[in-house]
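Residue-level structural notes
So the chains spell out like this:
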Amino acid sequence: MTRTVAVTGAAGSIAYALLFRLAAGEVYGKEPVRLRLLEVPQAVDRLDGVLMELADCAFPALVDVVATTDPDEAFADADAALLVGAAPRQEGMNRADLLRANGEVFRTHGAAIGRAAKADVRVVVVGNPANTNALIAAHHASLQDREDGRRMDPARFTALTRLDHNRAMSALAAKIDAPVGSIERITIWGNHSNTQVPDLTDALVDGRPAPEVVAEVCDGPAAARDWVADDFIPAVANRGAAVIAARGASSAASAASAALDHLRDWTFGTDGVRVSMAVRSSGEYGVPEGLVSSFPCTVEADGSYRVVEGIELDADRRARIDASIAELASERDEAAGLGFL
Ligand code: NAX
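By convention here, each chain's residues receive numbers from 1 onward along its written sequence. For a predicted model such as this one, the threshold for reporting local features is a pLDDT of at least 70, and the threshold for listing and counting side-chain atom pairs is 80 or more; totals across whole chains, interfaces and linings nevertheless cover every residue. Excluded from the side-chain calculations are hydrogens and water; all other atoms, namely the structure's heavy atoms, are used.

Another point: the side chain of R167. Secondary structure counts use DSSP, requiring at least four H or I residues in a row for a helix and at least two E residues in a row for a strand, with both numbered from the N terminus. By secondary structure assignment, the location of R167 is in helix α6 (residues 162-176). Contacts described as polar in this section are N or O atom pairs within 3.5 Å, which, within protein, must combine one atom able to donate a hydrogen with one able to accept it, while residues neighboring in sequence count only if both atoms come from side chains. There is a polar contact of 2.9 Å between the side chain of R167 and the side chain of S251. Every residue in contact with R167, bar those within four places of it in the chain, is listed here: V236, R239, G240 and S251. Two residues qualify as a contact provided that any one of their heavy atoms is within 4.5 Å of a heavy atom in the partner residue.

Given below as structure tokens:
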């Protein structure tokens, strides 16, 4: 089966780290891939250079590449859409300005996906504010009349918190001096912003409760709790800013890697392993229905995802998650106030 994958912001930094790995088979293995690359007119020259380099790699699985500035052409028959392109935050822009600029982008892209993509398309929103952009795109997708007479299900739209998840895995691994492969059940809750809640309470290290393992290296449970609150959570939530400070540019390779992890797991399943995905809430854990929030998820081999339910939240986690949900609700209200919902 040939997979058609649309990537927006295709001449940008994250796409430059993503397209070559996708074309090399890191998501679909040897299955043929068709790429549909969307950019704004000002970036088509840069995109030409990317096309040349894709050609020069002679990837056997890459059977077709189309570069376009037309969203309907980019999303036509897409099996997957990686929405990386977004309006950048410019000097003097406040949050409402950013939401307004991106609301336009994600309204347009969502509507085109609703009309043109396959009904079971997998949409991964990377461009920020990712959760609310996903909400806007899903809303406009679901309003479109389609040739097949169906309406797009908003649950096909997800946002990327896998980078935060991967950062949390690495931060824990470094603290306890264990390989990342020994860790499971890390969770990111809420918004992909600095209110996110990186959570290791239920994590396991080689099958042992992570809080116990952290307590051993911290000289006791109280010191372990302090490390989580004062180091682990803020370090993961602010890691993006730390990368910018060190590199002079935002995370690109790690964001691309996480987007590929998200798409691969959503396509082929997680074999019972929990991953973090921002998905449309059906009211799980008190998150208002319809908000796109990060949850612990598993994906079946047929590609259907579900939120892991039944986790008992203590007061501290509950309060942190509530604060992140409140931020998501206020972004939704702002987007509605600007006419995007
Ligand atoms: P770049 O500025 O390098 O690239 C963005 C590209 O998007 C540009 O080439 C631009 O021309 C294009 N673009 C803008 N509007 C477009 C439109 N309407 N249609 C098609 N293309 C459009 O940014 P990059 O570093 O690639 O980051 C992209 C987005 O990812 C940003 O919004 C960034 O904040 C977000 N991130 C999200 C992360 C996550 O974990 N969810 C982490 C990394 C990153 O910060």
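As used throughout, domain bounds are those supplied by an automatic or database domain assignment. When the domains of the chain are assigned, the result is domain 1 (3-159) and domain 2 (162-333). A straight line from the C-alpha centre of domain 1 to that of domain 2 covers 24 Å. Contacts between the two partners involve 30 residues from domain 1 and, on the opposite side, 33 residues from domain 2. For the pair domain 1 and domain 2, the summed buried surface comes to about 2,600 Å²; carbon and sulfur atoms form 63% of the total. The buried area of a pairing is the accessible area, by a 1.4 Å probe, that goes missing from both parts when the two are put together, added over both.

This next bit is on the sheet that holds strand β7 (residues 183-184). Taken together, the three strands give an open sheet; going across it, the order is β7-β10-β11, and neighbouring strands pair in antiparallel fashion. Either end of the sheet is taken by a strand with one partner, and the two such strands are β7 and β11 (208-209). As paired elements, strand β10 (residues 204-205) and β11 share two bridges and run antiparallel to each other. What sits directly across from L204, in β11, is P209. Two strands are said to pair when DSSP picks up at least two bridges between them.

Whether a residue is near a molecule or strand depends on its heavy atoms: if one lies within 4 Å, it is near. Around the ligand, a shell composed of 24 residues is seen, among which S13, I14, E39, V126 and N128 lie nearest. G9 places a polar main-chain atom, nitrogen or oxygen, 3.3 Å from a nitrogen atom of the ligand. Residue I14 places a main-chain N or O atom 2.9 Å away from an oxygen atom belonging to the ligand. Among the elements of the structure, α1 (13-23) and α4 (95-116) are those that each provide at least two residues to the shell around the ligand. We call Asp, Glu, Lys and Arg charged. Ala, Val, Leu, Ile, Met, Phe, Trp, Tyr, Cys and Pro are nonpolar, and the rest, Gly among them, are polar. Among the residues making up the shell around the ligand, the classes are represented as 12 nonpolar, 10 polar and two charged. Two domains share the shell around the ligand, each providing at least three of its residues, namely domain 1 (3-159) and domain 2 (162-333).

This part takes up the packing of α6 against helix α8 (residues 221-237). Axis separation between α6 and α8 bottoms out at 9 Å; the angle between their running directions is 135°. In terms of axis orientation, α6 runs oblique to α8. Both α6 and α8 take part in a crossing whose hand is right-handed. The segment α6 lies against α8, with D164, R167, A168, A171, L172 and K175 engaging W227, F232 and V236. By residue class, the composition of the contact of α6 with α8 is six nonpolar, no polar and three charged. Lines fitted to C-alpha atoms define the axes, with helix axes restricted to the stretch in contact, and inter-axis angles between N-to-C directions lie between 0 and 180 degrees. Note on terminology: angles under 35 degrees are roughly parallel, angles over 145 are roughly antiparallel, angles of 65 to 115 are roughly perpendicular, and the others are oblique. In a left-handed crossing the near helix is turned counterclockwise from the far helix by less than a right angle, and in a right-handed crossing that turn is clockwise.

Next up on the list: the nonpolar core. Residue types Ala, Val, Leu, Ile, Met, Phe, Trp, Tyr and Cys, when buried and joined through side-chain atoms within 4.5 Å, form a set referred to as a nonpolar core. Partly exposed residues are those whose accessible area sits between 20% and 50% of the maximum for their type, while under 20% is buried and over 50% is exposed, using a 1.4 Å probe and protein chains only. The biggest cluster of nonpolar side chains holds 56 residues, and the ones touching the most others in it are V7, L18, L19, L22 and L54. Lining this core are residues from two domains, each supplying at least three of them: domain 1 (3-159) and domain 2 (162-333). Among all residues touching L54, those that are not within four sequence positions of it are L19, F20, A23, L35, L37, F59, L62 and V65. Among the nonpolar cores identified, the runner-up in size contains 30 residues, and A78, A81, V125 and A141 belong to it.

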